[in-house]
Amino acid sequence: MVQTSFTNATSVNGALEMRAGATLSDASYLRSYRNPRYEPNRGMLYSTAMRFTNPSAAMVRRFGQFTKEAGTFFELDNGVLYGVVRTTVDSVTTDDRFFIRQDIRNNVFDLSKGNVFDIQWQWRGVGNYVFFVNLQEVVNTGYLGTKDELTMFNPALPVAFESINEGAMDEMVFGCVVVTSEGGGDNGKT
């Protein structure tokens, strides 16, 4: 996979528009250089408002808080939406993918229209990750009391976006992106 330049991410009318590179397997990756400092026993909330110009395009698109080794994010893989938790144990990186039905609780959401996406978690080494679309819970990982390892080894994560061409290079368009932490103090940059 080839990582392409930031020319695939632009700001138009106050929105971030991101697309994959034009060549098959090109990946565009954009992340923040600052991230919330980890403070023990603090809840985290990632929130964004966005849409996909073509949700069923032959692409993999990710958005949330993540690096190559750790993170929690939404993934749209060739039209199928997942909530993902990524961690690395003994140099092996694993993505736990949780399928998200797009007709959850009879609230059908159209990914080509503006929706809000949230990920809520409290990290104490282990813990659940809860994914929301349009303020409705769509996935709870159910990790508590079930894991032999940490659920994520590094909870201090940047905001990140990734778009991979698997035959298409359609846009994902973002409005507001926010990461908040409950509690904390001034030295934690709350």
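It should be noted that the structure appears before, not after, this text.
Heads up: these notes are all about the structure in this document.

Conventions and cut-offs
- Residues numbered from 1 in each chain as written.
- Predicted model: local features only at pLDDT ≥ 70, side-chain atom pairs only at ≥ 80, totals over all residues.
- Heavy atoms only, no water.
- Helix = DSSP H or I, 4+ residues; strand = E, 2+ residues; numbered from the N terminus.
- Polar contact = N/O pair within 3.5 Å; in protein donor to acceptor, adjacent residues only side chain to side chain.
- Contact = heavy atoms within 4.5 Å.
- Buried < 20%, exposed > 50% of the residue type's maximum accessible area, 1.4 Å probe, protein only.
- Pairing = 2+ DSSP bridges.
- Axes fitted to C-alpha atoms, helices over the stretch in contact; angles between N-to-C directions.
- Core = buried A, V, L, I, M, F, W, Y, C linked by side-chain atoms within 4.5 Å.
- Salt bridge = Lys/Arg side-chain N within 4 Å of Asp/Glu carboxyl O.

1. As for the environment of F109
- Within the secondary structure layout, F109 lies in the loop between β9 (92-99) and β10 (115-122).
- Each C-alpha atom of the pair F109 and N134 lies 8.1 Å from the other, and the pair is 25 residues apart in sequence.

2. Describing the side chain of T151
- With respect to the element layout, T151 can be found in the loop between β12 (136-140) and β13 (159-165).
- For T151, the side chain forms a polar contact with the side chain of Y129, separated by 3.2 Å.
- Not counting residues within four places of it along the chain, the set of residues in contact with T151 comprises V85, T87, W123, G125, V126, G127, Y129 and Y143.

3. Examining the pairing of strand β7 (residues 71-77)
- Of all seven residues in β7, seven are buried; the element is thus mostly enclosed.
- Burial along β7 is two-sided: G71, F73, E75 and D77 facing one way and T72, F74 and L76 facing the other are all buried.
- Both strand β6 (residues 59-66) and β7 contribute to a ladder of seven bridges, which runs antiparallel. Along β7, the bridge assignment pairs G64 with F73.
- The turn joining β6 and β7, which pair antiparallel and follow one another in sequence, is formed by four residues.
- If you look at the hairpin formed by β7 and strand β8 (residues 80-89), you'll find two residues sitting between the two strands, and N78 has a positive phi there, around 50 degrees.

4. Digging into the sheet that holds strand β5 (residues 43-52)
- In space, the seven strands of this open sheet follow the order β2-β3-β14-β5-β10-β11-β12, with antiparallel pairing throughout. The sheet terminates laterally at β2 (9-12) and β12, the two strands that pair on one side only. Pairs of neighbouring strands in the sheet enclose a mean axial angle of 30 degrees, with direction left out of account.
- Looking at chain direction, strand β11 (residues 129-133) and β12 are connected through four bridges and run antiparallel. What sits directly across from F131, in β12, is V139.

5. Thoughts on the nonpolar core
- Counting 32 residues, the largest nonpolar core has F63, F74, L81, F117, Y129, F131 and F161 as the members making the most contacts within it.
- Every residue in contact with F117, bar those within four places of it in the chain, is listed here: Y46, S47, T48, M50, F63, F74, L81, L111, F132 and V133.
- Counting residues in each nonpolar core, the second largest holds five residues, with F66, F73, Y82 and A160 among its members.

6. Examining the environment of S181
- Along the chain, S181 turns up in strand β14 (residues 172-181).
- Looking at S181, the relative accessible area reads 26%, which means it is partly exposed.
- Considered as a pair, S181 and M44 are 137 residues apart in the sequence and their alpha carbons are 4.6 Å apart.

7. A short note on the pattern of salt bridges
- Applying the stated rule across the entire model yields seven salt bridges.
- Among the ionic pairs, R97 bridges to E75, the shortest N-O distance being 3.2 Å. Remark: E75 occurs in strand β7 and R97 occurs in strand β9; sequence separation between them is 22 residues.
- Residue D96 pairs with K147 through a salt bridge whose shortest N-O separation is 3.3 Å. Of the two residues, D96 is situated in strand β9 and K147 in the loop between β12 and β13; the sequence distance between them amounts to 51 residues.
- Ionic contacts of the salt-bridge type, sharing partners, join the residues R62, E75, D77, R97 and E162 into one network.

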